[in-house]
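What follows is the residue order along each chain.
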Amino acid sequence: MQTGSRVSFNQWYQTNWVDTHVDLMTQITQDTGILWGFGTGEQGEKYRIAPSLKLGFLTQLHPSANSILSLSFTTTFGGKLSEKPCQADYGDLGTFSVNCRLAAGEMAPEETLKYLANAKPESQHLWLNYRVTF
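Read on for a plain summary of the structure. Here the structure is a predicted model, which is why all the values come from computation and not from measurement.

Let us look at the overall build of the chain. Secondary structure summary: the chain contains 2 helices and 11 strands in total. Sequence-ordered secondary structure for the chain, helices as α and strands as β, is α-β-β-β-β-β-β-β-β-β-α-β-β. Since a compact globule built from 134 residues should have a radius of gyration of about 14 Å, the 23 Å found for the chain marks it as more spread out than a globular shape. Projecting the C-alpha coordinates of the chain onto the three principal axes gives extents of approximately 75 × 25 × 25 Å. A buried classification covers 23% of the 134 residues belonging to the chain. By sequence separation, contacts in the chain at least 24 residues apart represent 50% of the contacts at least 6 residues apart. Here the chain contributes 10 positively and 12 negatively charged side chains, and the mean placements of these two sets differ by 6 Å.

This brings us to the environment of Leu-102. Position of Leu-102 relative to the elements: it lies in the loop between strand E9 (95-98) and helix H2 (109-112). Judged by its relative accessible area of 27%, Leu-102 is partly exposed. Sequence separation between Leu-102 and Leu-113 is 11 residues, and the spatial gap between their C-alpha atoms is 8.8 Å. For Leu-102, the residues in contact, after removing those within four places along its chain, are Thr-112 and Tyr-115.

Glancing now at the packing of aromatic side chains. Enumeration according to the criterion identifies 5 aromatic pairs in this entry. Three or more aromatic residues joined by ring pairs make a cluster, and in this case those are Phe-9, Trp-12, Tyr-13 and Tyr-47.

Summed over all chains, the structure comprises 3 salt bridges. In this structure, Asp-23 engages Lys-54 in a salt bridge whose closest nitrogen and oxygen atoms are separated by 3.4 Å. Within this pair, whereas Asp-23 is found in strand E1 (residues 21-29), its partner Lys-54 is found in strand E5 (residues 52-61), the two being separated by 31 residues in sequence. Of the charged contacts, one joins Lys-114 and Glu-111 as a salt bridge, the two residues approaching to 2.7 Å between their closest N and O atoms.

Here 5 strands make up an open sheet; going across it, the order is E1-E2-E5-E6-E11 and the pairing antiparallel. What marks the edges here is a single partner per strand, and that holds for E1 and strand E11 (124-132). This sheet shows a mean twist of 15 degrees between the axes of neighbouring strands, independent of strand direction. Examined bridge by bridge, strand E2 (residues 32-39) and E5 share 8 bridges and lie antiparallel to one another. Bridge pairing links Thr-32 to Thr-59 in E5.

Taken as a whole, this structure holds 1 disulfide when the rule is applied. Between the sulfur of Cys-86 and that of Cys-100 lies a disulfide, 1.7 Å long from S to S. Disulfide Cys-86-Cys-100: torsion about the S-S bond near 95 degrees, hence right-handed. Residue Cys-86 is located in strand E8 (residues 86-89), and its partner Cys-100 is located in the loop between E9 and H2; the two are separated by 14 residues in the primary sequence. Each member of the pair, Cys-86 as well as Cys-100, carries the same accessibility label: buried.

Conventions we followed
- Residues numbered from 1 in each chain as written.
- Predicted model: local features only at pLDDT ≥ 70, side-chain atom pairs only at ≥ 80, totals over all residues.
- Heavy atoms only, no water.
- Helix = DSSP H or I, 4+ residues; strand = E, 2+ residues; numbered from the N terminus.
- Rg over C-alpha atoms; globule rule 2.2 N^0.38 Å.
- Buried < 20%, exposed > 50% of the residue type's maximum accessible area, 1.4 Å probe, protein only.
- Contact = heavy atoms within 4.5 Å.
- Lys, Arg positive; Asp, Glu negative; His and termini not counted.
- Charge placed at Lys NZ, Arg CZ, Asp CG, Glu CD.
- Phe/Tyr/Trp six-rings, centres within 6.5 Å; stacked < 30°, edge-to-face > 60°.
- Salt bridge = Lys/Arg side-chain N within 4 Å of Asp/Glu carboxyl O.
- Pairing = 2+ DSSP bridges.
- Axes fitted to C-alpha atoms, helices over the stretch in contact; angles between N-to-C directions.
- Disulfide = S-S within 2.5 Å.

Okay, structure coming up:
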């Protein structure tokens with residue numbers, strides 16, 4: 001706002017639904033299963049988290065009577081975070097498309113656009129676990 005007054009981000013970065021993830025396993029054998037799940041996504045006026053789908057597997061071995069060696073792998077599709085710009089009024093300089101979070105800084109308005117969030121989540125996870133009970 002050209003008057004220099006405070007601008008609240010609440011309306012732009014709040015949502016009625018928080019990105020929720022559900023992870024499940026379908027057992028195939030006593031020691032093997034399919035891992036699957038989903039994320040619902042989330043959206044506010046100035047950002048969006050896309051829905052996601054997770055797929056993977058889990059298997060385990062029993063090297064001894066009191067130990068378990070397990071291996072699991074998952075991959076996630078979707079879930080990208082993206083941010084939208086704002087229109088900022090700089091008075092005599094004009095109105096510019098800017099990164100909402102950086103509009104009040106010393107950076108040139110057009111330079112702030114380089115810093116809009118545009119991120120993919122970690123998409124693959126590999127776990128190796130060894131457990132001994134005694």
